[in-house]
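Structural characterization, general
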Amino acid sequence: MRYSRMFIPTVKEVPADAETASHKLMIRAGLIRKLASGTYIYLPLGWRSLLKIIAVVREEMDKAGAQEILMPAVQPIELWQKTGRDVDYGPTMARFTDRHGRENVLAPTAEEVVTYLAAGEINSYKQLPINLYQITTKFRDEFRPRFGPIRSREFIMKDAYSFHDDDESLDQTYKIMYDTYCKIFKRCGLNYVSVEAESGQMGGSGSHQFTVPCQSGEDTIVYTEDGSYAANLERANVDPLPKEKSNAEIPPVQEVHTPNIGSIEAVCAFLKTRQKDMIKTLVYAADGEVIAAIVRGDHELNLEKLTQILGGKHIELADELTIEKVTGARVGFAGPMGIADKVSKVIIDHAVAAMPAGVTGANKTDYHVKNVVPCRDFPLEGENVIVADIRYARQGDTHNGKILLFKKGIEVGQVFKLGTKYSEKLGAKFLDENGTEKPCLMGCYGIGINRILASAIEISHDKNGVIFPVTIAPFEVLVTCVNQDDEEVAKAAENIYRQLLDRGVDVLLDDRPLRGGVKFKDADLLGIPVRVTVGKKSLAKGNVEIKLRAEPKSKKISIENAADETIELVNSLKQKLKTKN
Ligand code: ATP
Ligand code: MG
């Protein structure tokens, strides 16, 4: 391709809403343009990169034995109602009514549709296992689209779904997909880590998340220094805190008047207590049941952990009326004393059980209670009482006795063991060897194509522009003709360009009638990994310059060897990102 003919609208200024390096650079280098909040047009360079990522993903998925299909983006809502995910997704899932009054959704993912397909087509264990995938546009009406393609509303996802007759088969495919993901991310030039993840509303029993560590990431990964444990923040389990002993005997519970003082901060200020000496009681609705979750005042409840303990139930904060009914008080005065008799389950965080005593709501409007001793004043065991890990890990916590460390990152992919959640609800069953009917076991595996591109740029750039990994760069080589108006120089550049093209290199020739300085600036901005510079001075000595975008130094080589050496450089870059089969 010739730069003079290509649509590469580079710009100096970026809009104020571009916060991250990748978002800014993708606009500046002419990879994307914003259409509306969270929706982007991919320009020729951006789209070329996405196509390269798609090719890597497709190749590895096919090698792993998965089969590509294509499912509709517009899906009938009835399927989503059957699994209850029309409710779980809430406003994140876009819906519309068609001209015949039928309600549809714009697919945020495709478990329901693929399970519908399996329900109709799979009936024998002989057809299993099977792994189907697609690479298509997904739509999620994200509450806060940000960071450009990293969290957009419309994006391309590779989503795969596997069906199995037993756990062993699911484990096998899960492992194959896990290994395939490692290959894909390595080939795309990403420095990634894989961590244990929570499967949340997806249901199921196991999950790993692939994350690219970087400052601007919205995810937090939690790990031990020796690498023996790594999980995302939603998942990271913490050791129970040691039971704190009190020196003196704690006096009996004492009620204190706290008029209109409901929030933790306000109560602390009023009673001159520390947040860590408070006990928070939160009332939730979990698929029709009312439950209470109890955490220390300075700790944050982890809804994912709570969801897991409740067996994947959909949970949301109870409404005011329910809270008032359960506690007998206005919102803000809930406490653990007596609550077990009013709700179907009480889940108490380990750290609360370790407190010597605390201050908490009195289940009476405008009152709190002091000297509340776990076990003495509210039960830590019983038919409907569980003590568990339900809070977020934080600085100072340990896992198996080792200090936990925290790092920000961008999630680029996730794999799940789904179990039978979808197959049971949508009737995807098969007959086993003995003729017994069973629901298929399922796994699902997602990768964000656009996020791979953005996170590669996020971790690989400098102040002048992008530094593309060779495998996903819009072009592998840029030939810069410094003096386009000099016939001889232009001819030499054209000649190298032709040779590279003929030998299968993906090359862009900068043949614009511009000053060298401008061209070099653009070359740095675009980040094409190998650059060949053809200029009048060097050419007079029979040389051209060859340089890696990632390295400051260039090398002079004779014009005869230019194509060979360029190809060697491209290959050496590719070699570094190669994976074993
Ligand atoms: P997040 O927690 O970041 O919202 P998710 O866990 O909901 O993502 P999945 O349902 O696991 O996402 O989707 C699979 C992959 O799709 C993610 O790993 C990510 O790479 C990509 N993805 C998800 N949401 C977005 C989005 N809004 N914009 C771009 N890519 C996305
Ligand atoms: Mg995910």
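A brief report on the enclosed structure follows. (Residues numbered from 1 in each chain as written. Chains lettered and ligands numbered in written order. Predicted model: local features only at pLDDT ≥ 70, side-chain atom pairs only at ≥ 80, totals over all residues. Heavy atoms only, no water.)

With respect to the overall build of the chain
What counts, and what does not: Runs of H or I in DSSP of at least four residues are treated as helices and runs of E of at least two as strands, each being numbered from the N terminus. Exposure categories follow from relative accessible area, calculated using a 1.4 Å probe and restricted to protein chains: below 20% of the type maximum is buried, above 50% is exposed, and the middle band is partly exposed. It only takes one pair of heavy atoms within 4.5 Å for two residues to be counted as in contact. Accessibility throughout is a Shrake-Rupley quantity obtained with a 1.4 Å probe, and a residue counts as covered only by protein chains that appear here. For the purpose of counting charges, residues Lys and Arg are taken to be positive, whereas Asp and Glu are taken to be negative. His and the chain ends are not included. Each charge is placed at NZ for Lys, CZ for Arg, CG for Asp and CD for Glu.
Across its full length, the chain holds 16 helices and 32 strands. Projected onto its principal axes, the C-alpha positions of the chain cover 95 × 65 × 50 Å. Residue burial in the chain is summarised as follows: out of 581 residues, 53% are buried. Counting contacts in the chain only where the partners sit at least 6 residues apart, residues at least 24 apart contribute 70% of the total. Of the accessible surface of the chain, which amounts to about 26,800 Å², a share of 50% is contributed by carbon and sulfur atoms. Charge-centre separation for the chain: the mean point of 77 positive side chains lies 6 Å from the mean point of 80 negative side chains.

Considering the nonpolar core
For clarity, the cut-off: We call a set of buried Ala, Val, Leu, Ile, Met, Phe, Trp, Tyr and Cys residues a nonpolar core when their side-chain atoms join them within 4.5 Å.
Of all hydrophobic cores here, the largest spans 61 residues; its most connected members are Phe185 and Ile449. Leave out the neighbours within four places in its chain, and Ile449 touches Leu50, Ile53, Ile54, Val57, Ile135, Ile156 and Lys158. Grouped together as the second largest cluster of nonpolar side chains are 28 residues, Cys481, Ala490, Ile496 and Ala563 included.

Observations regarding the coordination of the magnesium ion (ligand 2)
Selection rule: Sodium, potassium and calcium take a 3.2 Å donor cutoff, other metals 2.8 Å, and in both cases only N, O and S atoms count; water is not among them, so sites may look incomplete.
Distances from the magnesium ion (ligand 2) to its protein donors, Glu411 (OE) and Gln414 (OE1), fall at 2.0 to 2.2 Å. Among the residues examined, Gln414 registers a relative accessible area of 11% and is labelled buried.

As for the site of ligand 1
Stated formally: Whether a residue is near a molecule or strand depends on its heavy atoms: if one lies within 4 Å, it is near. For the purposes of these results, a polar contact is taken to be a pair of N or O atoms within 3.5 Å, where, inside protein, one atom must be able to donate a hydrogen and its partner to accept one; residues adjacent in sequence count only when each atom of the pair is a side-chain atom. Three classes are used, and their members are as follows: Ala, Val, Leu, Ile, Met, Phe, Trp, Tyr, Cys and Pro are nonpolar, Asp, Glu, Lys and Arg are charged, and the others, Gly among them, are polar.
Around ligand 1 sit 14 residues in total, of which Glu142, Arg151, Ser152, Glu411 and Arg451 are the nearest. One of the side-chain nitrogen or oxygen atoms of Arg151 is found 2.7 Å away from an oxygen atom of ligand 1. At 2.8 Å, a backbone N or O of Ser152 approaches a nitrogen atom of ligand 1. Protein chains bury 85% of the 580 Å² of accessible surface belonging to ligand 1 in isolation. If you list the elements that add at least two residues to the shell around ligand 1, you get strand E8 (154-164) and strand E22 (402-419). Top element by residues in the shell around ligand 1 is E22. It accounts for 4 residues. Looking at side-chain class alone, the shell around ligand 1 contains 5 nonpolar, 4 polar and 5 charged residues.

A look at the side chain of Thr39
Here Thr39 shows up in strand E2 (residues 39-42). For Thr39, a relative accessible area of 11% puts it in the buried group. The contact partners of Thr39, leaving out residues within four places of it in the chain, are Arg33, Lys34 and Glu154.

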